[in-house]
Protein chains: 2
Amino acid sequence: MSEELHVRTLQAGDFDKGFLSVLGHLTTVGDVTREMFEEQVRRRDAVGGYHTVVIEDGGRIIATASMVVELKFIHGCSKVGHIEDVVVDPGYRGKRLGLKLIEALIAAARADGCYKVILDCAEGNVSFYEKAGLVRKEVQMVRYLDR
Amino acid sequence: MSEELHVRTLQAGDFDKGFLSVLGHLTTVGDVTREMFEEQVRRRDAVGGYHTVVIEDGGRIIATASMVVELKFIHGCSKVGHIEDVVVDPGYRGKRLGLKLIEALIAAARADGCYKVILDCAEGNVSFYEKAGLVRKEVQMVRYLDR
């Protein structure tokens, strides 16, 4: 592992650097081709409000986190940053890389004018996010939709 | 109260129908002028992926709920619907109007190709969302940002 690893924004070329492989440590990625990946990067850029940050080591993406900024009517037509899909390669855990990613997203949320950032996590990850200044708030609920 | 109240999409003209007043039963709305409201409606329409539904009675908005559709890389570059800002005027509660709004948003999420919808709620509202087929999943965490 290099001395210091930096956080940068996801680029279309990251398909070849294992971006999807690191996401595979979080959940099912499925068959995402280069074309699908590049199209989704383009679509998210066109929409705006998406921030995906990555950390690379030796030419390979080893951590990532995303945020989508929601435009609200409440709080004076303010914004909220939804942090999503935070994952660090198992071989790189315990090095505060996840924290670096969250801090980068919080800085982006501030720059975008968000009044808060929120995220949902497993009970076991609460203490990790507390280190990034987040506090426990409500209950996340889900409904999976049959296609 | 009219015999049957229908769910429809938010329109720019709803500023005059008390849309912001009903949101005021949920949280702080702040000083949102007509211009700010109409600009936010336009901006959300331009971005796409926003769904705000309302129920009107006697020319006044008495319930609303919103959803923002997030473009993901995971699950085959799928989508997730984030349900937000669900509120029914206190005088109209217990009439299953909230449920009607959630069902409309779930239908929109399906139409948009979302593989799931998620939301965060207070402990006391868990049983309400269970009626709409959602189940308890994770812990919501928040960090408020100083401006």
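Scroll up for the structure.
Residues numbered from 1 in each chain as written. Chains lettered and ligands numbered in written order. Predicted model: local features only at pLDDT ≥ 70, side-chain atom pairs only at ≥ 80, totals over all residues. Heavy atoms only, no water.

Asks: I'd love a proper account of the relation of the copies chain B and chain A, names of residues and values included.
Replies: The transformation that overlays chain B on chain A combines an axial shift of 0.0 Å with a rotation of 180°, and the residual RMSD is 0.0 Å. Within this description, the copies of the chain are treated as partners about a two-fold rotation axis. Here 100% of the interface residues in chain B have copies in chain A that are interface residues too; the copies meet face to matching face. (Least-squares fit on C-alpha atoms with pLDDT ≥ 70 in both. Contact = heavy atoms within 4.5 Å.)

Asks: How would you explain unusual backbone geometry if you had to name every residue and give the values?
Replies: Its identity as a non-glycine residue notwithstanding, His-75 of chain A has a phi of 50°, on the positive side. One non-glycine residue, Arg-96 of chain B, adopts positive backbone phi at about 65°. Along the polypeptide, Arg-96 of chain B turns up in the loop between β4 (79–88) and α4 (97–112). (Helix = DSSP H or I, 4+ residues; strand = E, 2+ residues; numbered from the N terminus.)

Asks: Describe in detail helix α4 (residues 97–112) of chain A, supporting the description with residues and values.
Replies: Residue and element names in this part refer to chain A. Helix length check: α4 (16 residues) gives 23 Å between terminal C-alpha atoms against 22 Å at 1.5 Å per residue, within 8%. All of the buried residues along α4 are Leu-97, Gly-98, Leu-99, Leu-101, Ile-102, Leu-105, Ile-106, Ala-108 and Ala-109. Gly-113 sits one or two positions beyond α4 and adopts a positive phi of about 85°. (Expected span 1.5 Å × (residues − 1). Buried < 20%, exposed > 50% of the residue type's maximum accessible area, 1.4 Å probe, protein only.)

Asks: Before we move on, could you go through the pattern of salt bridges and cite the residues and values that matter?
Replies: All told, the structure shown has 22 salt bridges over all chains when counted by the stated rule. Between Glu-39 of chain B and Arg-42 of chain B there is a salt bridge whose closest N-O contact spans 3.0 Å. Placement of both Glu-39 of chain B and Arg-42 of chain B in helix α2 (residues 34–47) is noted, with a separation of three residues, approximately one turn of the helix. Glu-39 of chain B gets classed as partly exposed once you look at its relative accessible area, which sits at 31%. Each member of the salt-bridge network shares a partner with another, and the members are Arg-8, Asp-14, Lys-17 and Glu-56 of chain A. (Salt bridge = Lys/Arg side-chain N within 4 Å of Asp/Glu carboxyl O.)

Asks: So what's going on with the interface of chain B and chain A? Which residues, and what values?
Replies: The interface of chain B with chain A comprises 64 residues on the first partner and 65 residues on the second. Summed over both partners, the interface of chain B with chain A comes to about 6,300 Å²; 57% of that surface belongs to carbon and sulfur atoms. Of all residues in chain B, Phe-73, Met-141 and Arg-143 of chain B give up the largest surface area on contact with chain A, accounting jointly for 15% of the area buried on that side. At the junction of chain B with chain A, the criterion picks out four salt bridges. Between Glu-84 of chain B and Lys-72 of chain A there is a salt bridge whose closest N-O contact spans 2.8 Å. Partitioning the side of chain B that touches chain A into residue classes produces 36 nonpolar, eleven polar and 17 charged. In terms of strand pairing, strand β5 (residues 114–121) of chain A meets strand β6 (residues 135–144) of chain B through six bridges, oriented antiparallel. Across the sheet, the residue bridging to Lys-116 of chain A is Tyr-144 of chain B, located in β6 of chain B. (Buried area = accessible area lost by both parts, 1.4 Å probe. Nonpolar A, V, L, I, M, F, W, Y, C, P; charged D, E, K, R; others polar. Pairing = 2+ DSSP bridges.)

Asks: For the pairing of strand β6 (residues 135–144) of chain A, give the residues involved together with the corresponding values.
Replies: Bridge count between β6 of chain A and β6 of chain B: five bridges; the pairing is antiparallel. Considered in β6 of chain B, the bridge of Val-139 of chain A is made with Val-139 of chain B.

Asks: Go over the packing of aromatic side chains, please, and point to the residues and values.
Replies: Going through the model one piece at a time under the given rule, you end up with ten aromatic pairs over all chains. Between Phe-15 of chain A and Phe-37 of chain A the ring centres are 5.8 Å apart and the planes differ by 40°, which places this aromatic pair in the tilted class. One end of the pair, Phe-15 of chain A, is in the loop between β1 (7–9) and α1 (19–23); the other, Phe-37 of chain A, is in helix α2 (residues 34–47), with 22 residues separating them in the sequence. We classify Phe-15 of chain A as partly exposed; its relative accessible area is 23%. With a centroid separation of 5.3 Å and 40° between ring planes, the pair formed by Phe-37 of chain A and Phe-73 of chain B is classed as tilted. One end of the pair, Phe-37 of chain A, is in helix α2; the other, Phe-73 of chain B, is in the loop between β3 (60–71) and α3 (74–77), on a second chain. Accessibility classification places Phe-37 of chain A together with Phe-73 of chain B in one group, the buried group. Taken together, the ring pairs in this structure connect Phe-15, Phe-19 and Phe-37 of chain A together with Phe-73 of chain B into an aromatic cluster. (Phe/Tyr/Trp six-rings, centres within 6.5 Å; stacked < 30°, edge-to-face > 60°.)

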